[in-house]
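# Analysis of the macromolecular model
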Amino acid sequence: MKDQELQRWVERVSLEYFDRPFLHQATFNSRLRSTGGRYFTQSHNIEISPHQLEAYGAEETEAIIKHELCHYHLHLQRKGFQHRDADFKQLLVKVGATRHCRALPGATRRLPVKYLLVCQACGMQYPRKRRTDPRKYSCGKCRGKLKLFHAAPADDKGARRLGD
């Protein structure tokens, strides 16, 4: 599908579900992976992820278009257009838009655990992806002091304490 077809699709959905015209630009953006689309408050343009269309089809993509059009029309009417606003939530339900898009297949990118906070009193372990200062925290189980260790790689036998 080309951008021109998407433009016509968004204009049709806007008239059909919102009874208002879409007067700005709708385009595909292939860099969008963790979101189905986005609305720009300055230009009032909308971008849609083509990966959602490929993965889940026209029905899911139309729900994303409705979601972005909720932002669009509420913003132009100077009503609450953000996700937390009641106006936005009510309009989502009214037009049958989704609150969140589905995750793309194979798109889960989890950071590896690099650090462990270990309680010195009870041994409770708290895996962390980022380095944290153990002096700022205490054990949630016993309130003991924590020490920071490098998490052991899969082939390593134990965690190494930082600074050793």
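As a starting point, this report considers the structure included with it. (Residues numbered from 1 in each chain as written. Predicted model: local features only at pLDDT ≥ 70, side-chain atom pairs only at ≥ 80, totals over all residues. Heavy atoms only, no water.)

Their axes nearest at 10 Å, the elements helix α2 (residues 50–76) and helix α3 (residues 86–95) cross at an angle of 135°. Considered as vectors, α2 and α3 are oriented oblique to each other. The two elements α2 and α3 cross, and the hand of that crossing is right-handed. Between α2 and α3, the residues in contact are Lys66, His67, Cys70, His71 and Leu74 and Asp87, Phe88, Leu91, Leu92 and Val95, respectively. For the contact of α2 with α3, the per-class residue count stands at six nonpolar, two polar and two charged. (Axes fitted to C-alpha atoms, helices over the stretch in contact; angles between N-to-C directions. Helix = DSSP H or I, 4+ residues; strand = E, 2+ residues; numbered from the N terminus. Parallel < 35°, antiparallel > 145°, perpendicular 65-115°, else oblique. Left-handed = near helix turned anticlockwise from the far one by under 90°. Contact = heavy atoms within 4.5 Å. Nonpolar A, V, L, I, M, F, W, Y, C, P; charged D, E, K, R; others polar.)

Looking at the element boundaries, Arg38 is found in strand β2 (residues 37–39). Using a relative accessible area of 33% as the deciding quantity, one classes Arg38 as partly exposed. For the pair Arg38 and His71, spaced 33 residues apart in the sequence, the C-alpha separation amounts to 9.0 Å. Not counting chain neighbours up to four residues away, the residues in contact with Arg38 comprise Asn29, Arg31, Leu32, Asn45, Ile46, Glu47 and Glu68. (Buried < 20%, exposed > 50% of the residue type's maximum accessible area, 1.4 Å probe, protein only.)

In a structure, side chains of opposite charge can pair up when their charged atoms sit close to one another. As enumerated under the stated definition, the model contains four salt bridges in all. Across the pair Arg12 and Glu16 runs a salt bridge whose closest N-O atoms are separated by 3.0 Å. Here Glu16 and Arg12 lie together in helix α1 (residues 3–18), a separation of four residues that amounts to about one turn. Judged by relative accessible area, Arg12 falls into the partly exposed class, the value being 39%. Here Glu47 makes a salt bridge to Arg38, at a shortest N to O gap of 2.8 Å. Several salt bridges share partner residues, and in doing so they unite Arg12, Glu16 and Glu62 into one network. (Salt bridge = Lys/Arg side-chain N within 4 Å of Asp/Glu carboxyl O.)

Pairing between the strands of a sheet is mediated by backbone hydrogen bonds and can be parallel or antiparallel. Ordered in space as β1-β3-β2, the three strands form an open sheet in which the pairing is mixed. Both outer strands of the open sheet, β1 (26–28) and β2, are each paired with one neighbouring strand and no more. Recorded for the sheet is a direction-independent mean angle of 15° between the axes of neighbouring strands. Across three bridges, β2 lies against strand β3 (residues 46–48) in antiparallel orientation. From the neighbouring strand, Gly37 faces β3, where its bridge partner is Ile48. Sheet strands in contact with α1 are β1 and β3, and its direction is about 135° off that of β1. Taken strand by strand, α2 contacts β1, β2 and β3, and its axis lies near 165° from that of β3. (Pairing = 2+ DSSP bridges.)

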